Amino acid sequence: LSTGERRRLSMIPMMMCKPPLLLLDEIDHGLDDTTLADLLQLLNELRQEGQAVVLTTHSPDLMTWAKISGGRLWKIKDRIMQEVDA
């Protein structure tokens, strides 16, 4: 399986359990644009159902998605975490 396929398969059990909080690390790694768009749509649906989503990223595109989806952005620098504007 490709990296993206393995990534998608690893997320299925977690999303099926519908935990109250999803912790996701670099979710865009190995995903093509279409698959990432589908995943972000699913995350939006889960958030609308009441699940909290926390994700780490270095991607400006994912930071923009988080902000326009009503999320909050935080930066950690020198072991200090602070909220930032996009």
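Scroll up to find the structure this text is about.
Residues numbered from 1 in each chain as written. Predicted model: local features only at pLDDT ≥ 70, side-chain atom pairs only at ≥ 80, totals over all residues. Heavy atoms only, no water.

K.L.:
Give a detailed account of the overall build of the protein chain, specifying residues and quantitative values.
P.N.:
The helix and strand inventory of the protein chain stands at three helices and four strands. The secondary structure elements of the protein chain, listed N-terminal to C-terminal, are α-β-α-β-α-β-β. Its C-alpha radius of gyration of 13 Å places the protein chain within 12% of the 12 Å reference for a compact globule of 86 residues. Taken along the three principal axes of its C-alpha coordinates, the protein chain extends 35 × 30 × 25 Å. A burial count over the protein chain gives 24% of its 86 residues as buried. Long-range contacts, defined as pairs at least 24 residues apart, comprise 49% of the intrachain contacts of the protein chain with a sequence gap of at least 6. (Helix = DSSP H or I, 4+ residues; strand = E, 2+ residues; numbered from the N terminus. Rg over C-alpha atoms; globule rule 2.2 N^0.38 Å. Buried < 20%, exposed > 50% of the residue type's maximum accessible area, 1.4 Å probe, protein only. Contact = heavy atoms within 4.5 Å.)

K.L.:
With reference to specific residues and values, describe the side chain of glutamine 51.
P.N.:
Assignment of secondary structure puts glutamine 51 in the loop between helix 2 (33-48) and strand 2 (52-56). The class of glutamine 51 is buried, set by a relative accessible area of 9%. Sequence-distant contacts of glutamine 51, that is, excluding residues within four places in its chain, are made with Lys18, Pro19, Pro20, Leu22 and Leu46.

K.L.:
Would you mind going over the pattern of salt bridges in detail, with residue names and values included?
P.N.:
The final tally for this structure, using the stated rule, is two salt bridges. When the shortest N-O distance is used, the salt bridge between lysine 18 and glutamate 49 registers 3.1 Å. Within this pair, whereas lysine 18 is found in the loop between helix 1 (3-17) and strand 1 (21-25), its partner glutamate 49 is found in the loop between helix 2 and strand 2, the two being separated by 31 residues in sequence. Glutamate 83 is the salt-bridge partner of arginine 72, the closest N and O atoms lying 3.1 Å from each other. Of this pair, arginine 72 sits in the loop between helix 3 (60-68) and strand 3 (73-77) while glutamate 83 sits in strand 4 (residues 80-84), and the two are eleven residues apart along the sequence. Residue glutamate 83 is classed as partly exposed on the basis of its relative accessible area of 39%. (Salt bridge = Lys/Arg side-chain N within 4 Å of Asp/Glu carboxyl O.)

K.L.:
A description of a negative patch on the surface should follow, citing residues and the corresponding values.
P.N.:
Taken together, Asp32, Asp33, Asp38 and Asp61 make up a surface patch of like negative charges. Topologically, aspartate 38 is positioned in helix 2. Judged by its relative accessible area of 48%, aspartate 38 falls in the partly exposed class. (Patch = residues over 30% accessible without salt bridge, like charges linked within 9 Å, V, L, I, M, F, W, Y side chains within 5 Å. Areas by Shrake-Rupley, 256 points an atom, 1.4 Å probe, with all protein chains shown as cover. Lys, Arg positive; Asp, Glu negative; His and termini not counted. Charge placed at Lys NZ, Arg CZ, Asp CG, Glu CD.)

K.L.:
Describe helix 1, and please don't skip the residues or the numbers.
P.N.:
Its axis deflected by about 25° at methionine 11, helix 1 carries its strongest bend there, up to four residues before the proline proline 13. Every buried residue belonging to helix 1 is among Gly4, Met11 and Met15, and all of these are buried. Looking at the buried positions of helix 1, the neighbouring elements they touch are strand 1 and helix 2. Looking one or two places after helix 1, you find lysine 18, whose phi comes out positive at around 50°. (Bend = angle between axes of the 7 residues up to and from the residue.)

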